[in-house]
Amino acid sequence: MTETDRILTLRKELERHNYNYYVKNAPEISDREFDDMMHELIDLEQRHPEMADPNSPTSRVGSDLTEDFEQVAHRYPMLSLGNTYNRDDVRAFYERVAQGLGGEPFDICMELKFDGLGISLWYEDGQLVRALTRGDGVRGDDVTANVRTIRSIPLVVPQETGRPASFEIRGEILMPWKSFEALNQQREAREEPLFANPRNAASGTLKSKDSRVVSQRRLDAYLYYLLGDGAVGDSHYANLQLARTWGFKISESMKLGHSLQDVFDFIDYWDTERRSLPVATDGIVLKVDSLRQQRQLGFTAKSPRWAIAYKFQAERALTRLREVTFQVGRTGAVTPVANMDPVLLAGTIVKRASLHNADIIRQLDLRLGDMVYVEKAGEIIPQIVGVDTESRGMMLGPEVTFATHCPECGTPLVRYEGEAAHYCPNYTACPPQLKGRIEHYISRDAMNIDSLGPETVDEYFERGLIRDASDLYRIRVADICGVDRSREKSARKIVDAIEASKKMSFDRVVFGLGIRFVGKVAAKMLAAQFKSMTALRNATLEQLLQVEGIGEKIAQSVLQYFADERNVALIERLAEAGVNMEMEQVETTSDRLAGKSIVISGTFEQHSREEYKQIIEMHGGKNVSSISQKTSFILAGENMGPSKLEKAQKLGIAIVSEESFLQMIED
Ligand code: IVH
């Protein structure tokens, strides 16, 4: 097989596996094998620029070359739906339809209303050529490069599926709950503003200028509307079932209803059942199923007469706003917090809600004493969504304004260009910042000094024992055992735990410094790359940017951190105290594999893959992920992937069994 043939085969295979994984939820190969094939394709495409194809599966990883979004006219306007919140409106809709059709029988296609953002996808000759957001309904933003990274959207629909040559399909782009929660956790750890709900997160993500970000955020898409030549038969429902066979993700919850009772049953069922879905839904969409009947009913200026959306009531409570306080985090970011009369909401008592930032406070036009509506955004974080202005009466409470000075240390707050948050700039003396940094240093993912908690840190801080992490190492049992020595045992435990933390791995130390935006993963990457604090401290922007997973924002933050002498002084004090400032050397037990590039494939009996990786390194070899001419041999276990086998044979690369490999390093 020539390399260009191989490219075509790999593209087809990868798309098939992608579909099995993301649409059917039934993968046939391991993630590792998938990655290997992807790497092989990336290599080959680099060698054959003439084979470039925007719809190659390699485009799913994204690039930072995403241009500004061009505005493009929709072929058919993207209308929205009439909304209702009650059953009477649903009944009225049903009766209007019956009347409009002159008493002719009709079916209703009942669907979930997905809470994301609408998207229009154009396919020509089975190739995805354009993805547009709704925009103003007439023109949308061309977000094709970003949409290509969404794994459940087919880039190519093969002719064998029987799809029409060209068609448009519309649907909803969503961020699944799981991705949303992970994203917000990550943002919280970096003290970045949280997304209020998956819809905002999906929308923010899709408008990102860097499609690699989109690729990492794991969006999903459900399709629910075929237009133009895509509408093959007369039944909307049947057409969507057909589109499923073309490779699109069509919701399994869709159903045909034959009566108003069917519609109410569907609503009742999903009103509770939707909570167990992996994505957010905010209602039900009802559509007359027959396209002929749809045409007969037609459109109003804004929306079709043949469809309507019934919205679920979001769980919401009304309570009184008592006070707004301001919290200062370890980076100095100031978060406004609403303190309210306790109220029951979706099963828990809520009395505090984040107000996010000054802009949001202004938008709400909040007054102290207002009755406010509280919702659980994305059903997680309570949030004030509005004010019941009617209950205000004659007396308006004082306006809620953002603090001008730090509530903890009195320093005037600052707001940086382009950021929504206010900061207290008093890095060296603002207590919550100092305490926050120590708490971060001792936290589980950092130095893991678990016999110390926030209360103890607070106490030691108040007593003047600690101002920064290096002071921890000067604490003696006598300092903390109480005047009567009654707490001697626990004091000893704490001192021992602090002592033991000196041996923590270098990446934890890097994470523990609390450099802005440097999370656990970034810290690991930086530690592995630079191997010592001195090297990390001297790293240039270019060197930082070369590290996998480190972008401009993190790199700049690292530079800024080390440019501050106070941080450098802290690191020196930590080093003096004996904290580990270097990556542990992997002990080379031999150089038997020196200079060898080894690919691992399949499953093993004696050791895990991870262990084999380490063994290879211990003997001076290098583990690489894809096979090329430079590969020395393949360490092959059971069930080595067929594509790898073929490639190895083609390039004449030796395949070494687990047993022979172990012998090789023992001799
Ligand atoms: S059909 C002309 N079906 O809700 C009909 N829309 O205002 C086009 N949506 O903008 C829309 N789930 O973004 C349809 N199953 C579904 C939907 C759905 C969510 C969104 C869509 C639309 C809005 C309705």
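To keep things clear, this report deals only with the structure shown in the data block. (Residues numbered from 1 in each chain as written. Predicted model: local features only at pLDDT ≥ 70, side-chain atom pairs only at ≥ 80, totals over all residues. Heavy atoms only, no water.)

### Brief notes about the sheet that holds strand β3 (residues 108-114)
The line we're drawing: When DSSP locates at least two bridges between a pair of strands, those strands are taken to pair. Secondary structure follows DSSP: runs of H or I at least 4 residues long count as helices, runs of E at least 2 residues long count as strands, and numbering of each begins at the N terminus. Whether two residues touch is decided by their heavy atoms; if any such pair falls within 4.5 Å, the residues are in contact. All axes here are fitted lines through C-alpha atoms, helices being fitted over the stretch that makes contact, and every angle between N-to-C directions spans 0 to 180 degrees.
With mixed pairing, the 5 strands of this open sheet are ordered in space as β2-β11-β10-β3-β9. Across the chains shown, the open sheet's two edge strands, defined by having one partner strand only, are β2 (83-84) and β9 (255-257). With 3 bridges joining them, β3 and β9 adopt antiparallel strand pairing. What sits directly across from Ile 108, in β9, is Gly 257. Lying over the sheet, helix α9 (residues 260-273) contacts β3, β9, β10 (281-288) and β11 (307-311), oriented at roughly 20 degrees with respect to β3.

### Comments concerning the packing of aromatic side chains
Which entries qualify depends on this criterion: For Phe, Tyr and Trp, rings pair up if their centres lie within 6.5 Å, where Trp contributes its six-membered ring, and each pair is then called stacked (planes under 30 degrees apart), edge-to-face (over 60) or tilted (otherwise). Exposure classes here rest on a 1.4 Å probe applied to the protein chains alone. A residue is buried below 20% of its type maximum, exposed above 50%, and partly exposed in between. Comment: the charge-over-ring label is applied if NZ (Lys) or CZ (Arg) is within 6 Å of the ring centre and within 35 degrees of the ring normal.
Scanning the entire structure with this criterion turns up 19 aromatic pairs. Taking the centre distance of 6.0 Å and the plane angle of 85 degrees together, the rings of Phe 167 and Phe 248 count as edge-to-face. Taken together, the positions of Phe 167 in strand β7 (residues 166-174) and Phe 248 in the loop between α8 (236-245) and β9 put the pair 81 residues apart, joining distant regions of the chain. On the numbers, 5.3 Å between centres and 85 degrees between planes, the contact of Tyr 561 with Phe 562 is edge-to-face. In terms of burial, Tyr 561 and Phe 562 fall into one category: buried. The side chain of Arg 316 reaches across the aromatic face of Tyr 373, ending 5.0 Å from its centre. Sitting above the plane of the Tyr 427 ring, Arg 437 keeps its charged end 3.8 Å from the centroid.

### Observations concerning the sheet that holds β7
If you trace the 4 strands from one edge of the open sheet to the other, you get β5-β4-β7-β8, paired in antiparallel fashion. What marks the edges here is a single partner per strand, and that holds for β5 (127-133) and β8 (220-227). Between one strand and the next, the sheet's axes are offset by a mean angle of 30 degrees, whatever the strand orientation. By the bridge criterion, 8 bridges tie strand β4 (residues 117-124) to β7 in an arrangement that is antiparallel. Its bridge partner being in β7, Ile 119 is matched across the sheet by Gly 171.

### Here's the deal with the nonpolar core
The condition is simple: We call a set of buried residues a nonpolar core when its members are Ala, Val, Leu, Ile, Met, Phe, Trp, Tyr or Cys and they connect through side-chain atoms within 4.5 Å of each other.
In terms of nonpolar packing, the biggest core is built from 52 residues, with Tyr 441, Leu 472, Leu 526, Met 533, Leu 536, Val 558 and Leu 574 touching the most fellow members. Setting aside anything within four residues of it in sequence, one finds Leu 536 in contact with Val 510, Leu 526, Phe 530, Leu 544, Val 558 and Phe 562. One finds Leu 117, Leu 240, Ala 243 and Trp 246 within the second-largest nonpolar core, a separate group that totals 37 residues.

### Remarks on the pairing of β7
The buried fraction of β7 amounts to 8 of the 9 residues, a majority that puts the element mostly inside the structure. Of the pairings in the sheet, the one linking β7 to β8 comprises 7 bridges and is antiparallel in character. The residue bridging Glu 172 from the neighbouring strand is Tyr 222, located in β8.

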